[in-house]
Every structure is written in C-alpha cells, then in structure tokens.
Amino acid sequence: MSYSPYLLKGQKALVTGASSGIGEAVARYLALSGAAVAINYHSEAEEAQKIVDEIKANNGEAFAIKANVSQEDEVKAMFSQTLDQFGTIDILVSNAGVQKDSPFVDMSLEQWNKVIEVNLTGQFLCVREAAKEFLRRGVQPHISSAAGKIICISSVHEIIPWSGHVNYAASKGGINMMMRSIAQELAPHKIRVNSIAPGAIKTPINKSAWDTPQAEAKLLELIPAKRVGEVEDIAKAAVWLASDDSDYVNGTTLFVDGGMSLYPGFADNG
Ligand code: BGC
C-alpha cells in the first residue's frame, strides 16, 4: 500500500464537524497518518467520543471538543483548549457545514443566516484563529516545511449553481473567494490555504439523494465516474493537502467529484 502512516507524524490537527460524514473520515485519516487530532462536534458528543476512543485504540492521539463554529467565543475557547492540549496546531480542516434547503421565494431569513453563519462565518472564525497560531509559531522544519496548513471543505456548488439551495451555494461560493484571498495574504508567511470541493459523497447530509436505487440512478446522471463518492475519497485528498507532498499547492480548490463539475449534461448536447 502506498499510504504512509508517517506522513503527518508529529503534527497537530483540528477538524471541525468531525463527529460524522466527511469530517469524521478526514479526522480518522489524519490520525492514521500520524497526526494528533482534535475532533470538534456541535451536538453529537457520544459519536465524537467513539471516534476518539477508536483512534486511541489504534495507538493514535485524539480528543473531542464541543463548539458551535459560528460563535466567536466558542471558537476562541476551542482553539485555546486545543493549544493547551497539543501545545500548538499545524493543520486545520474547516469542514463543519449545514444545509437548510428551500425554494428561493420561500426561503426565510433564518434559513439564509443559519447556512451563511455556519458554512462561511464559521470557516472565517476558525481559519483566523488557526492563522494566528501559525504566525506566532512560524515554521518548524523538523515538523513541516509550512508554518501551517488550512483546508476549507467547500463543495462543487462553489461553482455549480443549485436551485432550491441558494443559501448553500452562496456560502460555498463565498468560501472560494475567502480561501483564495487568505491564501494570497498568508503565502509569504509559509501558510498554505486550499479547499477541497466534494461532489456527491455518501453522508447523512444528502442521504435522500442516494439511499434508494431510484434516487441513486438519478444522481448518477450527474456523475461521469458513475459512482457516488465515499468519505474516504475526500479524506485521502485532505491528507495529501495537509502534507508536505503538496508543498507547492496554495490557494487552489481540488475538486473531488467524479467529474460532476464537468457539466456532464453537455456530453451529448449543446
Ligand atoms: C451537498 C450534497 C450534494 C452534493 C452534490 C454537496 O455539497 O452537501 O447534498 O449531494 O454537494 O450536489
């Protein structure tokens, strides 16, 4: 197996929204690669603790930490606890996200605000705290050639418009310009900031889109690779972006989507 269990040895990571779905898989793979991992959760305390226990049983290092990423005081407290526990932080995977879907004209301000607050403001707050620590500490050459690595979990909907999900698509489009602007600002400090844009990945957030044969067949029309993604597809990309193997990659979005963003409807039309 080409997978290196030592790729991230000695590094400290925080993954938000890590009690299920993509965040959980990313946390598990970072731990498998040798990083100590803070598992952030919002409400699923038991699930988060189970992931921690399993990582520890596998000789990894992890702890669970509760915070609502859209609340500045909670994000600050989460980072200060993580720094207390780990001493510093090298990797942030800003993953926590929600959907509150609605036809546009019926979308409430509450639905709009909730999605922007968690998906976009939440990433701003977490990335800012991580960047402060990276700047304070600087590069530790025996740990990584970067002072820190930030991975924003975006979506194919940072470029693909999505009817009935205007709040969600707007939040992901926002992540793209936020990520690239931060990357431009922090690159001289040897901080790398990138995004992963997952396509349709089997997680609780989109269960209704793949959990019946009919729904899955309809979804596959949008995926040239003809399979729905697995959380491991994203986790492996995250390990690479967090490692020095991607040292020259900065300010980019890596689409991990089986070709969903290739506009497959044009394959035999247009
Ligand atoms: C959404 C999923 C959706 C996928 C592809 C993701 O960002 O959270 O619900 O299946 O994009 O449309």
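Just above, that's the structure.
Residues numbered from 1 in each chain as written. Predicted model: local features only at pLDDT ≥ 70, side-chain atom pairs only at ≥ 80, totals over all residues. Heavy atoms only, no water.

## Thoughts on the environment of Lys56
Item 1. Along the chain, the position of Lys56 falls in helix 2 (residues 45-57).
Item 2. Between the C-alpha atoms of Lys56 and Ala31, which are 25 residues apart in sequence, the distance is 9.2 Å. (Helix = DSSP H or I, 4+ residues; strand = E, 2+ residues; numbered from the N terminus.)

## Some points on the site of the ligand
Item 1. The full set of residues close to the ligand is Gln99, Ser155, His157, Trp162, Tyr168, Gly199, Ala200, Ile205, Asn206 and Met260.
Item 2. For the ligand, an oxygen atom lies 2.7 Å from a polar atom in the side chain of His157.
Item 3. The side chain of Tyr168 places a nitrogen or oxygen atom 2.6 Å from an oxygen atom of the ligand.
Item 4. A per-class count over the shell around the ligand returns 5 nonpolar, 5 polar and no charged. (Near = heavy atom within 4 Å. Polar contact = N/O pair within 3.5 Å; in protein donor to acceptor, adjacent residues only side chain to side chain. Nonpolar A, V, L, I, M, F, W, Y, C, P; charged D, E, K, R; others polar.)

## Topic: the side chain of Gln123
Item 1. One can find Gln123 in helix 4 (residues 109-137).
Item 2. In this structure Gln123 comes out as buried when scored by relative accessible area, which is 1%.
Item 3. Here Ser94 takes part through its backbone oxygen, which lies 3.0 Å from a polar atom of the side chain of Gln123.
Item 4. Ignoring anything within four residues of it in the chain, the contact list for Gln123 reads Ser94, Val118, Cys152, Ile153, Ile175 and Met178. (Buried < 20%, exposed > 50% of the residue type's maximum accessible area, 1.4 Å probe, protein only. Contact = heavy atoms within 4.5 Å.)

## Examining the sheet that holds strand 3 (residues 62-66)
Item 1. Strand order across the open sheet formed by 7 strands is 3-2-1-4-5-6-7, with parallel pairing between neighbours. Each edge of the open sheet carries a strand with a single partner, namely strand 3 and strand 7 (253-256). Across the sheet, the mean angle separating the axes of adjacent strands is 20° when strand polarity is ignored.
Item 2. Judged from the 3 bridges that link them, strand 1 (residues 12-15) and strand 4 (residues 91-94) form a sheet pairing that is parallel. Across the sheet, the residue bridging to Leu14 is Leu92, located in strand 4.
Item 3. Relative to strand 3, helix 3 (residues 72-86) is tilted by about 160°, and along the sheet it contacts strand 1, strand 2 (36-41), strand 3 and strand 4.
Item 4. Each of strand 4, strand 5 (148-153), strand 6 (191-198) and strand 7 is contacted by helix 7 (residues 231-242), which is oriented at about 165° to strand 6, the strand it contacts most. (Pairing = 2+ DSSP bridges. Axes fitted to C-alpha atoms, helices over the stretch in contact; angles between N-to-C directions.)

## Focus on the nonpolar core
For soluble globular proteins, the rule of thumb is that nonpolar side chains tend to be buried together.
Item 1. Judged by nonpolar contacts, the single largest core of 35 residues is most densely connected at Leu30, Ile39 and Ile196.
Item 2. Within the residue set of this core, elements represented by two or more residues are strand 1, helix 1 (21-32), strand 2, helix 2, strand 4, strand 5 and helix 7.
Item 3. No other element matches the 8 residues that helix 7 contributes to this core.
Item 4. When residues no more than four places from it in sequence are discounted, the contact partners of Ile196 are Ile151, Cys152, Ile153, Ser154, Ser155, Ile234, Ala237, Ala238, Leu241, Leu254 and Val256.
Item 5. Of all hydrophobic cores here, the second largest spans 32 residues; its members include Phe79, Cys152, Ile182 and Ile191. (Core = buried A, V, L, I, M, F, W, Y, C linked by side-chain atoms within 4.5 Å.)

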